[in-house]
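Examination of the molecular architecture
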Amino acid sequence: MSKVLVSDPIDQAGIDILSQVATVDVKTGLKPAELIEIIGEYDALMIRSGTRVTQEIIEAGTQLKIIGRAGVGVDNVDVPAATRRGIVVVNSPEGNTIAAAEHALAMMLSLSRHIPDANASVKRGEWDRKTFVGAEVYKKTLGIVGLGKIGSHVAAVAKAMGMKLLAYDPFISTERAEQIGCQLVDLDLLFQQADYITLHIPKTPETTNLINAKTLAKMKPTARIINCARGGIIDESALATAIKEGKIGGAALDVFDSEPLGESELRSLGKDIILTPHLGASTTEAQVNVAIDVAEQIRDVILGLPARSAVNIPGLGPDILEELKPYMQLAETLGNLVGQLAGGRVETLTVKLQGELATNKSQPLVVAALKGLLYQALRERVNYVNASIEAKERGIRVIETRDASARDYAGSLHLEATGTLGTHSVTGALLGDKEIHLTDVDGFPINVPPSKYMLFTLHRDMPGIIGKLGSLLGSFNVNIASMQVGRKIVRGDAVMALSIDDPLPDGILDEITKVPGIRDAYTVTL
Ligand SMILES: NC(=O)c1ccc[n+]([C@@H]2O[C@H](COP(=O)([O-])OP(=O)(O)OC[C@H]3O[C@@H](n4cnc5c(N)ncnc54)[C@H](O)[C@@H]3O)[C@@H](O)[C@H]2O)c1
Ligand SMILES: O=C(O)[C@H](O)COP(=O)(O)O
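Computed from a prediction, not measured in an experiment: that's the story for all the values here. (Residues numbered from 1 in each chain as written. Chains lettered and ligands numbered in written order. Predicted model: local features only at pLDDT ≥ 70, side-chain atom pairs only at ≥ 80, totals over all residues. Heavy atoms only, no water.)

Side note on the overall build of the protein
We count it as follows: A run of H or I in DSSP becomes a helix once it reaches four residues, and a run of E becomes a strand once it reaches two; helices and strands are each numbered from the N terminus. Only C-alpha atoms enter the radius of gyration, while the globule expectation follows 2.2 Å times N to the 0.38, with N the number of residues. Accessible area is worked out with a 1.4 Å probe on protein chains only. A residue is then buried under 20% of its type maximum, exposed over 50%, and partly exposed in between. Contacts between residues were defined by any pair of non-hydrogen atoms, one from each residue, lying within 4.5 Å. Counted charges follow a simple rule, with Lys and Arg positive, Asp and Glu negative, and His plus the chain ends left uncounted. By convention, the charge on Lys lies at NZ, on Arg at CZ, on Asp at CG and on Glu at CD.
Per the secondary structure count, the protein includes 17 helices and 22 strands. Taking 24 Å as the expected radius of gyration for a compact globule of 526 residues, we find that the protein reaches 30 Å, considerably beyond that expectation. Referenced to the eigenvectors of the C-alpha coordinate spread, the extents of the protein come out at roughly 105 × 50 × 35 Å. Taking all 526 residues of the protein together, 51% fall into the buried category. A sequence separation of at least 24 residues applies to 63% of the contacts in the protein between residues at least 6 apart. Taking the average location of the 53 positive side-chain charges in the protein and that of its 63 negative ones, the two points are 4 Å from each other.

Considerations on the pairing of strand β11 (residues 250-253)
Filter applied, for reference: When DSSP locates at least two bridges between a pair of strands, those strands are taken to pair.
Here β11 shows no split at all, with G250 and A252 on one side and A251 and L253 on the other all buried. Here strand β10 (residues 224-227) pairs with β11 via four bridges, running parallel. Bridging from a neighbouring strand, N227 pairs with L253 of β11.

Points about the site of ligand 2
Selection criterion: The near set for a molecule or strand comprises every residue that places at least one heavy atom within 4 Å of it. N or O atoms closer than or at 3.5 Å make up a polar contact, with two conditions inside protein: a donor-capable atom paired with an acceptor-capable one, and, for residues adjacent in sequence, both atoms drawn from side chains. Method for areas: the Shrake-Rupley scheme with a 1.4 Å probe, in which residue coverage is limited to the protein chains shown. Residue polarity follows a fixed list, in which Ala, Val, Leu, Ile, Met, Phe, Trp, Tyr, Cys and Pro are nonpolar, Asp, Glu, Lys and Arg are charged, and the others, Gly among them, are polar.
What surrounds ligand 2 is the set R48, S49, R69, A70, G71, V72, G73, N96, R230, H278 and A281. In the model, an oxygen atom of ligand 2 is placed 2.8 Å from a nitrogen or oxygen of the R69 side chain. In the model, an oxygen atom of ligand 2 is placed 2.9 Å from a nitrogen or oxygen of the N96 side chain. In the complex, 91% of the free accessible area of ligand 2, which totals 310 Å², lies under the protein chains. Residues belonging to the shell around ligand 2 are distributed by class as follows: three nonpolar, five polar and three charged.

Focus: the site of ligand 1
Taken together, the neighbourhood of ligand 1 is formed by 25 residues, with K149, I150, D169, I201 and D254 sitting nearest. For ligand 1, an oxygen atom lies 2.8 Å from a polar atom in the backbone of I201. Here an oxygen atom of ligand 1 and a backbone polar atom of A281 are 3.2 Å apart. For ligand 1, whose unbound accessible area comes to 860 Å², protein coverage reaches 86%. Here the shell around ligand 1 is built from residues that sort into 13 nonpolar, eight polar and four charged.

Focus on the packing of aromatic side chains
Put simply, the rule is: Geometry of aromatic contacts follows a simple scheme: Phe, Tyr and Trp rings, the Trp one being its six-membered ring, pair when their centres are within 6.5 Å, and the pair is stacked under 30 degrees between planes, edge-to-face over 60, tilted otherwise. Comment: the charge-over-ring label is applied if NZ (Lys) or CZ (Arg) is within 6 Å of the ring centre and within 35 degrees of the ring normal.
Applying the stated criterion across every chain, the model contains zero aromatic pairs. The ring of Y384 is capped by K371, whose NZ or CZ atom sits 4.9 Å from the centre of that ring.

As for the confidence of the model for the protein
As a reminder of what qualifies: Per-residue confidence from the prediction method is given by pLDDT, with values spanning 0 to 100.
On average, residues of the protein score 94 in pLDDT, and 99% of them reach the 70 mark or higher. Scored by ipTM, the complex comes to 0.99, with pTM at 0.78.

Concerning the packing of helix α1 (residues 12-19) against helix α12 (residues 284-302)
Inclusion rule: Geometry is summarised by axes, namely lines fitted to C-alpha atoms with helices restricted to the contacting stretch, and by angles between N-to-C directions that run from 0 to 180 degrees. Should an angle lie under 35 degrees it is considered roughly parallel, over 145 roughly antiparallel, and from 65 to 115 roughly perpendicular; all remaining angles are considered oblique. For a crossing to be left-handed, the near helix must be turned anticlockwise from the far one by less than a right angle; the clockwise case is right-handed.
Here α1 crosses α12 at 15°, and the two axes come no closer than 7 Å. Between α1 and α12, the interaxial angle falls into the category roughly parallel. Where α1 crosses over α12, the two elements pack in a sense that is right-handed. On α12, the residues touching A13, G14, I17 and L18 of α1 are V288, A291, I292, A295, E296, I298 and R299. Here the contact of α1 with α12 is built from residues that sort into eight nonpolar, one polar and two charged.

Description of empty space enclosed by the protein
To keep it simple, the criterion reads: Note on definitions: the grid is 1 Å and covers protein atoms alone; a cavity is a set of points where a 1.4 Å probe fits but cannot get out; a pocket is an open set with protein on both sides within 12 Å along at least five of seven lines; lining residues have an atom within 4 Å of a point. Grid points are joined across faces, edges and corners, and a volume is the space filled by probe spheres set on the points.
Applying the stated criterion across every chain, the model contains one cavity of 30 Å³ or more. Its volume calculated, the largest cavity comes out at about 30 Å³. Around the largest cavity, the lining residues are N227, G231, G232, I234, E236, L253, V255 and F256. Counted by class, the lining of the largest cavity contains four nonpolar, three polar and one charged residues.

A word on the nonpolar core
Soluble globular proteins tend to bury their nonpolar side chains together. Using the following cut-off: We call a set of buried residues a nonpolar core when its members are Ala, Val, Leu, Ile, Met, Phe, Trp, Tyr or Cys and they connect through side-chain atoms within 4.5 Å of each other.
M46, I298, L349, L365, L413, L415 and F456 are the most contacted members of the largest nonpolar core, which totals 76 residues. Considering each element in turn, this core owes the most residues, 12 residues, to helix α13 (residues 318-342). F191, A223, A238 and L269 belong to the second-largest nonpolar core, a separate cluster that totals 32 residues.

Thoughts on the side chain of R230
Summarising the element assignment, R230 is placed in the loop between β10 and α11 (236-244). Among the residues examined, R230 registers a relative accessible area of 16% and is labelled buried. Within the local environment of R230, its side chain forms a polar contact with the side chain of D75, the two groups lying 2.8 Å apart. Residue contacts for R230: discarding those within four places in its chain leaves R69, G73, D75, K203, V255 and H278.

Description of unusual backbone geometry
Following E259, the chain continues to P260 via a peptide bond in cis, the omega torsion being -5°. Locating P260 in the fold gives a position in the loop between β11 and β12 (273-275). Its identity as a non-glycine residue notwithstanding, R491 has a phi of 60°, on the positive side. A relative accessible area of 51% means that R491 is categorised as exposed.

Take a look at the structure:
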């Protein structure tokens, strides 16, 4: 049975799902050395932001197949190290969107009305109504930096509260921003005009210290900043100085450069600053959502299925996966088959995406084809995560082409592998109830479902050849399950595809090629 380690607090709903397919150990608060010591026993690791998954931990995780982050940010995981090791990293991109957006809005209102300090003063026995005079958000300008999932929900609610919305996001179109009710502006204008600035961007080299002494100086003296995104986007020391000197109105922070927040001058800034301990995703609903979302993906990967929100498999988002799922197995099977037909070292793999597959969305099929191609060499060590890297390291050139005009099937895939022993090609499609069919081998039309053991011959189409091959296989006790001949012209060259019940015994291929008329024979295991 597979083993899953849960190293941060995760909702029981997730543990229940994992327990269907694995032994689950919940061990929170482990020190890095303790985690390194035990990680080697586990097939999967499930975390939140509390566990830092370093390269060292990944290397010690010799059995690891998947790291599941029950939340959005994977900045606590060394994703490149995981990718090199073929470990899929998944997250829950939407499970805590509403929770984080509502926390940012709650921070904005709390800051405007000094709720935390007013509450604390009443609890101390005071009744001070003068100190806590606040400001309204109605008709004020909210500057949203990052108009993704969380930023967009903040925009919708803020609009309903009567705020004017400015947004900065270089990766969002003006039309999309307008749809959400935001005016897309450059960052300087947003800093100059906003009464409230809320950050909803990832921490990247471009966004690190985006809010610094220089940018703070551009803001209104009454401006209030909310950061429920990531620590490190704000230079905390510059922010503390700006608040102390009255250069801005205040700030509400849920995330910090270093967490947990240690000694910090931010703690001593009174009612103009609100600090929460990374609570953006901490609602019952969000924790159930992310736990289920990520546990389901871990379960699927343990069962050998693809994950819907892998961050290190380019292009394979949940919608696309849903559309492509039936074709992924087709691509893998064809890759495995053409690799075995080509034999030797494959130097070039051409993948032609045909019919309805001839779109950019089908790119993951190329990765699946590579995974299939490399299976003979790498077995279980190759997966969707590392197939491209492994192919590159082996010097395999990958050519991707598209032909939308190919209309024989709704969508089909044509793979051609050229290697040290020559060139071979296969085509396949999904028929009827999404059953995989080989529709062409080396340019000869056939129509057979692939089977575990297969034999292909290239021969001259002439009387008696099928009988001779049948008797030869019979003399070696090989049972034929099905057989089909593909030819272009009568009595020309032809391909025979046989499904056999058992692997072909050693030495028999040579005997087959001695049959008059048979030029070549290949056996494959799929
Ligand atoms: N406090 C919490 O507990 C909590 C909870 C959930 C998410 N988060 C964080 O909130 C942030 C936003 O999450 P999301 O789910 O909305 O992500 P998202 O990917 O949906 O949106 C991020 C947006 O930022 C934009 N962006 C990227 N680089 C930018 C740049 N340099 N300048 C401006 N915009 C840029 C992207 O185009 C995208 O639209 C992330 O950092 C995430 O880790 C925090
Ligand atoms: O990226 C996220 O999802 C948030 O930062 C939440 O982190 P958490 O799971 O540790 O609460």
